[in-house]
Amino acid sequence: MEGGDKVGKGEDGGPIATWLNKHRQLYLESTRHPFILSIKHGSVDISSFKRWLGQDYIFVREFIPFVASVLLKAWKETDDASDIDIILGGIASLNDEISWFKKEASKWDVPLSGNAPQKPNRDYCRFLESLMGSDIEYSVAITAFWAIEAVYQESFSLCLEDDSRTPEELMGTCQRWGNEDFRQYCCSLCRIANRSLAKATEDVVMKAEEAFVHVLEKEVGFWNMSYGDS
Ligand SMILES: Cc1ncc(CN)c(N)n1
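None of the values given here were measured: they were computed from a predicted structure.

The rules we used
Residues numbered from 1 in each chain as written. Predicted model: local features only at pLDDT ≥ 70, side-chain atom pairs only at ≥ 80, totals over all residues. Heavy atoms only, no water. Helix = DSSP H or I, 4+ residues; strand = E, 2+ residues; numbered from the N terminus. Rg over C-alpha atoms; globule rule 2.2 N^0.38 Å. Buried < 20%, exposed > 50% of the residue type's maximum accessible area, 1.4 Å probe, protein only. Contact = heavy atoms within 4.5 Å. Areas by Shrake-Rupley, 256 points an atom, 1.4 Å probe, with all protein chains shown as cover. Lys, Arg positive; Asp, Glu negative; His and termini not counted. Charge placed at Lys NZ, Arg CZ, Asp CG, Glu CD. Near = heavy atom within 4 Å. Polar contact = N/O pair within 3.5 Å; in protein donor to acceptor, adjacent residues only side chain to side chain. 1 Å grid on protein atoms, 1.4 Å probe; cavity = no way out; pocket = protein on both sides within 12 Å on 5 of 7 lines; lining within 4 Å. Sits in = over half its atoms within 2 Å of the grid points. Phe/Tyr/Trp six-rings, centres within 6.5 Å; stacked < 30°, edge-to-face > 60°. Lys NZ or Arg CZ within 6 Å of the ring centre and 35° of its normal.

Draft legend 1. Geometry of the overall build of the chain. Counting secondary structure elements, the chain contains 10 helices and 0 strands. The globule rule puts the C-alpha radius of gyration for 230 residues at 17 Å, and the 17 Å found for the chain is close to it. Taken along its principal axes, the extent of the C-alpha atoms in the chain is 45 × 40 × 30 Å. Expressed as a percentage of its 230 residues, the buried residues of the chain come to 54%. Partitioning the intrachain contacts of the chain with sequence separation of at least 6 by distance along the chain shows that 86% fall at a separation of at least 24. Of the accessible surface of the chain, which amounts to about 10200 Å², a share of 53% is contributed by carbon and sulfur atoms. Of note, the chain has its 25 positive side-chain charges centred 3 Å away from the centre of its 37 negative side-chain charges.

Draft legend 2. Just the site of the ligand, in detail. In the vicinity of the ligand, the residues found are Asp 56, Phe 59, Val 60, Phe 63, Tyr 124, Ile 148, Glu 149, Tyr 152, Trp 177, Glu 219 and Phe 222. A distance of 2.7 Å is found between a nitrogen atom of the ligand and a side-chain nitrogen or oxygen belonging to Glu 149. Considered on its own, the ligand offers 290 Å² of accessible surface; in the complex 99% of this is hidden by protein. Assessed atom by atom at 2 Å from the grid points, the ligand resides in the largest cavity. Sorting the residues of the shell around the ligand by element identifies helix H4 (46-77), helix H7 (138-158) and helix H10 (202-225) as the ones contributing at least two each.

Draft legend 3. Region of the structure containing the packing of aromatic side chains. Summed over the entire model, instances satisfying the criterion amount to 27 aromatic pairs. Their ring planes at 55 degrees and their centres at 6.0 Å tell us that Tyr 57 and Phe 101 sit as a pair that is tilted. Pair noted here: Tyr 57 is in helix H4 and Phe 101 is in helix H5 (residues 82-107), with a separation of 44 residues, a long-range link. Aromatic side chains Tyr 152 and Phe 156 sit 5.3 Å apart centroid to centroid with 75 degrees between the ring planes, which places their arrangement in the edge-to-face category. On the criterion of helical spacing, the pair formed by Tyr 152 and Phe 156 is a turn pair, its members being 4 residues apart in helix H7. Accessibility classification places Tyr 152 together with Phe 156 in one group, the buried group. One aromatic cluster in this structure is built from Phe 35, Phe 49, Trp 52, Tyr 57, Trp 100, Phe 101, Trp 108, Tyr 152, Phe 156, Trp 177 and Trp 223. One residue, Lys 218, lies across the ring of Phe 127, its end atom 5.9 Å from the ring centre.

Structural measurements only, silent on function.
In structure tokens form, the structure reads like this:
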């Protein structure tokens, strides 16, 4: 891992490194959002955090079948069986993640049932569903999967840096996605995506880049939602 590469950023010179530069402004908007910076600076409004927590639980419930669809595409299309092991590892950790959400929600008195998804969440989940179809190639789906994980990894690792003033009671949340193991997992997903893209047609590579941009846009919308009335 070259120095300076914080998250799996296509350090193996595949198309993802190119896209991260080409769409740098949007990538920064999604990974240094004011909501994340407010956690890092210790100025976060707890009602924003609680709104994000309730909405993210709804998102993760939709994310599980999406990851399962990526696993199925890997089984059908990949030439490297280790892809399946890595994606399966991601599904296993989602099982633990659901338990974490339930514990965290009860700690903050955030109701998880009867919580309606707000429009940015509904839009994001609809986008996930659009990627689950058998008409969507593995290269496109695995690129979106990497991007979704990488945005959270980079965002929450910001809140763990030495100069952070992250409130103690939010450290568990930041460590969940900001930790080194999750960064390594994102690097693995990035390598898988780059390897798949290297063998893809120009048209599929273009669709994967569009999916990458859509993920970044949906992530910005998701963070914005924590401010309420969206
Ligand atoms: C909106 C969102 N994006 C990404 C993640 C990380 N799986 C998440 N939990 N929620």
